[in-house]
Amino acid sequence: MAVPVAFFALFFAYPVTAIVGRGLKAEGAWQFGRIGEVLSRPDILDVLWFTTWQALASTALTLLIALPGAYVFARFDFPGKQVLRAVVTVPFVLPTVVVGTAFLALLGRGGLLDELWGVRLDTTVWAILLAHVFFNYAVVVRTVGGLWSQLDPRQEEAARVLGAGRFAAFRRVTLPALAPAVAAAALMVFLFTFTSFGVVQILGGPAFSTLEVEIYRQTAQLLDLPTAAVLTLVQFAAVGGILAVHAATVRRRERALKLVDPAQTSRRPRGAGQWALLGGVLLTALLLILLPLGVLVERSLDGAGGYGFGYYEALQSVAAGGSSTFLVPPLEAVGNSLRYALVATLIALVIGGLAAAALTRRAGRLVRGLDALLMLPLGVSAVTVGFGFLITLDKPPLDLRTSWILVPLAQALVGVPFVVRTMLPVLRAVDDRLREAAAVLGASPLRAWREVDLPLVRRAVLVAAGFAFAVSLGEFGATVFIARPDNPTLPVAVARLLGRSGELNYGQAMALSTILMLVCAVSLLLLERIRTDRSGEF
């Protein structure tokens, strides 16, 4: 526990506390009366209400649409499965500003829906909900599907033999086993939608605002740091309460499970019903995932003189358009992002792996408190974290403002929760008697973990690495404040291009977004191949 606690204390608690303190302090004294003043304002209450109910609606809709996909990826074997699994994860790494623009092209004025049926969904809550499902579909598919593929199907078959119907067998046998993974996925989706920023700002317009949007507006536009600090505290308290309820409810449902090799559970669909389910999942992926991604590709190729690679060629020049926004060619952001993401993934695996191993022991309240602490970066404003890094990590011995490691550290903060939530359900499903047997035979605790736990969770480790790498590639909120102009990441470069007027800059932003999409798809496809080839025997 020592390493994860020290990491979060230094790179999360310290920066957030410092930036909130600056907002609530005046002349050296705390001004707690500001909390009541801010929370009594009608506009702030409207923001709190909308933030909560849209997150609940987004989570429910994501589970409804993605759980069939989790079942298909876990139980069915079909051509192109690895490619499709990588494709559905791509949206997770795209900057929210890019995805918001893509959905605006689909649902807004002059978009596909407007051209075909004369219907516009921009500036409505439906556009926000659909974009949230687009982002979080992979969270449910990978988190729930990863455990589902390792559940022994013979247990449900035994229930069927004893007279239970298909639904009753699923409800009494499979669903309780999946409950921790479903709860973990729902929690991550809720936290992401609760703190939604780019999607709401672009698709919602001035009519809708979440806490994250309001914090950014109060900080960057109105320069009202006290109000932003109060909203950050509210967000922090809400996330802490949610995590406490989650930990209490999930702990009661955890139990040891019999895990098997995923190859033993995957087979080709049988019967019309299963083929129809597979077709429905493929159609959902086509409309929900591939169509918005196709818009990015089409816009990156649609230049003033027709379709071509003009925008991609322009990425190789420094300061396109005569601006000093970039000190290096925007294309160099690809290499920067890959290097940062690899380092951030390694940090997240070390910190998250140690934390998951500690949480498996269920040793008292201190460990349970660590479980909630590790999820807080998903629920605290990235704007707050970014500003906090700038004002705290600027003095020896931790003067990291000019160090390259600052960006991977910020990205790892977001990756660690995914590592923990992906590995923890599988680790806790391992029967303790296996560890006890290894100890009786003379194995040390470290060797028992290496020989017993690691082979069973190897698949989960690779899934966690994929999640950490993906979120590191697409992290934008904190990175935009700390990435240097001569070493921008892909999301930062895209945002800078979108912030400049002109058709050339917009086309380059779409081209760079397409490169980000392709880099992620290739990386995840390689991960899928490695995971399949080295899944090991269980």
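Only a predicted model underlies this, so the values are computations on that prediction, with no experimental measurement involved.

A.B. asks: Looking at this structure, I do not really get the overall build of the chain. What am I missing?
C.D. replies: When helices and strands are tallied, the chain shows 23 helices and six strands. For the chain, restricting intrachain contacts to residue pairs at least 6 apart in sequence, the fraction spanning at least 24 positions comes to 80%. Surface accessibility of the chain: about 22700 Å² in total, with carbon and sulfur atoms responsible for 64%.

A.B. asks: Quick question: what am I supposed to make of the packing of helix 9 (residues 166-194) against helix 18 (residues 406-429) here?
C.D. replies: To characterise two packed helices, one gives the angle between the axes of the helices and the distance between these axes. One way to put it is that helix 9 packs onto helix 18 with a least axis distance of 9 Å and a crossing angle of 165°. Looking at the two axes, helix 9 sits roughly antiparallel to helix 18. Handedness of the helix 9/helix 18 crossing: right-handed. Here Ala181, Ala184, Leu187, Met188 and Phe192 of helix 9 come into contact with helix 18, specifically with Phe418, Arg421 and Pro425. Classifying every residue of the contact of helix 9 with helix 18 gives seven nonpolar, no polar and one charged.

A.B. asks: Sorry if this is basic, but what is going on with the packing of aromatic side chains here?
C.D. replies: Think of a pair of aromatic rings as described by two things: how far the centres are apart, and how the planes are tilted against each other in angle. A complete count under the given rule lists 13 aromatic pairs for this structure. On the basis of an interplanar angle of 25° and a centroid distance of 5.6 Å, the ring pair of phenylalanine 190 and phenylalanine 194 is categorised as stacked. Taken as a pair, phenylalanine 190 and phenylalanine 194 lie in helix 9 at a separation of four residues, close to a single helical turn. Each member of the pair, phenylalanine 190 as well as phenylalanine 194, carries the same accessibility label: buried. A connected cluster of aromatic rings, assembled from ring pairs, spans Phe7, Phe8, Phe11 and Phe12.

A.B. asks: So what exactly am I meant to see when it comes to the environment of methionine 510 here?
C.D. replies: Tracing the backbone shows methionine 510 in helix 23 (residues 503-533). With 212 residues separating them along the chain, methionine 510 and glutamate 298 place their C-alpha atoms 8.8 Å apart. Setting aside residues up to four positions removed in sequence, methionine 510 forms contacts with Leu296, Arg299, Ser300 and Leu498.

A.B. asks: Quick question: what am I supposed to make of the confidence of the model for the chain here?
C.D. replies: Mean pLDDT over the chain: 79, with 88% of residues reaching 70 or higher. When the criterion is pLDDT under 50, residues 320-324 qualifies, and its contacts beyond four places in sequence or with other chains add up to five contacts. Note on residues 534-538: pLDDT under 50 across the span, and twelve contacts to partners over four residues away in sequence or across chains.

A.B. asks: Help me out: how do you make sense of helix 13 (residues 271-301) in this one?
C.D. replies: Under the 1.5 Å per step criterion, the end-to-end length of helix 13 is 42 Å for 31 residues, consistent within 8% with the ideal 45 Å. Largest kink in helix 13: about 40°, centred on leucine 290, with the proline proline 292 one to four residues after it. Taken together, the buried positions of helix 13 are Gln274, Leu278, Val281, Ala285, Leu288, Ile289, Pro292, Leu293, Val295, Leu296 and Ser300.

A.B. asks: Can you help me understand the layout of surface pockets in this one?
C.D. replies: Where empty space is left in the structure can be found by rolling a water-sized probe over the atoms. Approximately 960 Å³ is the volume found for the largest pocket. Taken together, 38 residues form the lining of the largest pocket, with Thr96, Phe197, Ala382, Phe476 and Gly477 sitting closest to its centre. Sorting elements by how many residues they give to the lining of the largest pocket places helix 10 (residues 198-204) first, with four residues.

A.B. asks: What's the story with the side chain of serine 209 in this structure? I'm lost.
C.D. replies: Position of serine 209 relative to the elements: it lies in the loop between helix 10 and helix 11 (211-221). Among the polar contacts made by the side chain of serine 209, one reaches the side chain of glutamate 214 at a distance of 3.3 Å. Those residues within four positions of serine 209 in sequence are excluded, and the remaining contacts are Val47, Phe50, Thr51, Val200 and Glu214.

A.B. asks: Teacher, can you tell me more about the packing of helix 4 (residues 81-89) against helix 7 (residues 125-148) here?
C.D. replies: In the contact formed by helix 4 and helix 7, the axes pass within 8 Å of each other and the chain directions differ by 135°. One element, helix 4, and the other, helix 7, form an angle in the oblique class. Residues Arg85, Ala86, Val88 and Thr89 of helix 4 touch helix 7, and the partners they reach there are Tyr137, Ala138 and Arg142. Each residue belonging to the contact of helix 4 with helix 7 can be placed in one class, and the counts come to four nonpolar, one polar and two charged.

A.B. asks: Can you help me understand the pattern of salt bridges in this one?
C.D. replies: Side chains bearing opposite charge may pair, as long as their charged atoms lie close to each other. For the structure shown, the criterion picks out three salt bridges. We note a salt bridge from arginine 41 to aspartate 43, for which the minimum N-O separation is 3.1 Å. Classification of arginine 41 by relative accessible area gives partly exposed; the value is 27%. Among the salt bridges present, the one from glutamate 214 reaches arginine 217, with a minimum N-O distance of 2.7 Å. With glutamate 214 and arginine 217 both in helix 11 and three residues apart, the pair spans about one turn of that helix. Judged by its relative accessible area of 4%, glutamate 214 is buried. Accessibility expressed as a relative area gives 30% for arginine 217, which makes it partly exposed.

A.B. asks: Explanation requested: helix 20 (residues 445-474) in the structure shown.
C.D. replies: Count 3.6 residues to each turn of an α-helix, and residues three or four apart come out pointing the same way. When the terminal C-alpha atoms of helix 20 are compared, their 37 Å separation across 30 residues is substantially less than the 44 Å that a helix rising 1.5 Å per residue should span. At leucine 454, helix 20 is bent by approximately 55°, the largest bend along its length, and proline proline 455 sits one to four residues beyond.

A.B. asks: Could you clarify how one ought to interpret the environment of alanine 285 in this entry?
C.D. replies: Tracing the backbone through its elements, the reader meets alanine 285 in helix 13. Sequence separation between alanine 285 and valine 88 is 197 residues, and the spatial gap between their C-alpha atoms is 7.1 Å. Apart from residues no more than four positions distant in its own chain, alanine 285 is found in contact with Leu84, Val88 and Leu290.

A.B. asks: Quick question: what am I supposed to make of the nonpolar core here?
C.D. replies: For soluble globular proteins, the rule of thumb is that nonpolar side chains tend to be buried together. With 154 residues, the main nonpolar core has Phe7 and Phe389 as its most contacted residues. Contact partners of phenylalanine 389, with chain neighbours within four places excluded, come to Phe11, Pro15, Leu406, Leu409, Ala410, Leu413 and Ile482. Counting residues in hydrophobic clusters, the runner-up holds five residues, among them Val430, Ala438, Ala448 and Val452.

Conventions and cut-offs
- Residues numbered from 1 in each chain as written.
- Predicted model: local features only at pLDDT ≥ 70, side-chain atom pairs only at ≥ 80, totals over all residues.
- Heavy atoms only, no water.
- Helix = DSSP H or I, 4+ residues; strand = E, 2+ residues; numbered from the N terminus.
- Contact = heavy atoms within 4.5 Å.
- Areas by Shrake-Rupley, 256 points an atom, 1.4 Å probe, with all protein chains shown as cover.
- Axes fitted to C-alpha atoms, helices over the stretch in contact; angles between N-to-C directions.
- Parallel < 35°, antiparallel > 145°, perpendicular 65-115°, else oblique.
- Left-handed = near helix turned anticlockwise from the far one by under 90°.
- Nonpolar A, V, L, I, M, F, W, Y, C, P; charged D, E, K, R; others polar.
- Phe/Tyr/Trp six-rings, centres within 6.5 Å; stacked < 30°, edge-to-face > 60°.
- Buried < 20%, exposed > 50% of the residue type's maximum accessible area, 1.4 Å probe, protein only.
- pLDDT = per-residue confidence, 0-100.
- Expected span 1.5 Å × (residues − 1).
- Bend = angle between axes of the 7 residues up to and from the residue.
- 1 Å grid on protein atoms, 1.4 Å probe; cavity = no way out; pocket = protein on both sides within 12 Å on 5 of 7 lines; lining within 4 Å.
- Points joined across faces, edges and corners; volume = space filled by probe spheres on them.
- Polar contact = N/O pair within 3.5 Å; in protein donor to acceptor, adjacent residues only side chain to side chain.
- Salt bridge = Lys/Arg side-chain N within 4 Å of Asp/Glu carboxyl O.
- Core = buried A, V, L, I, M, F, W, Y, C linked by side-chain atoms within 4.5 Å.

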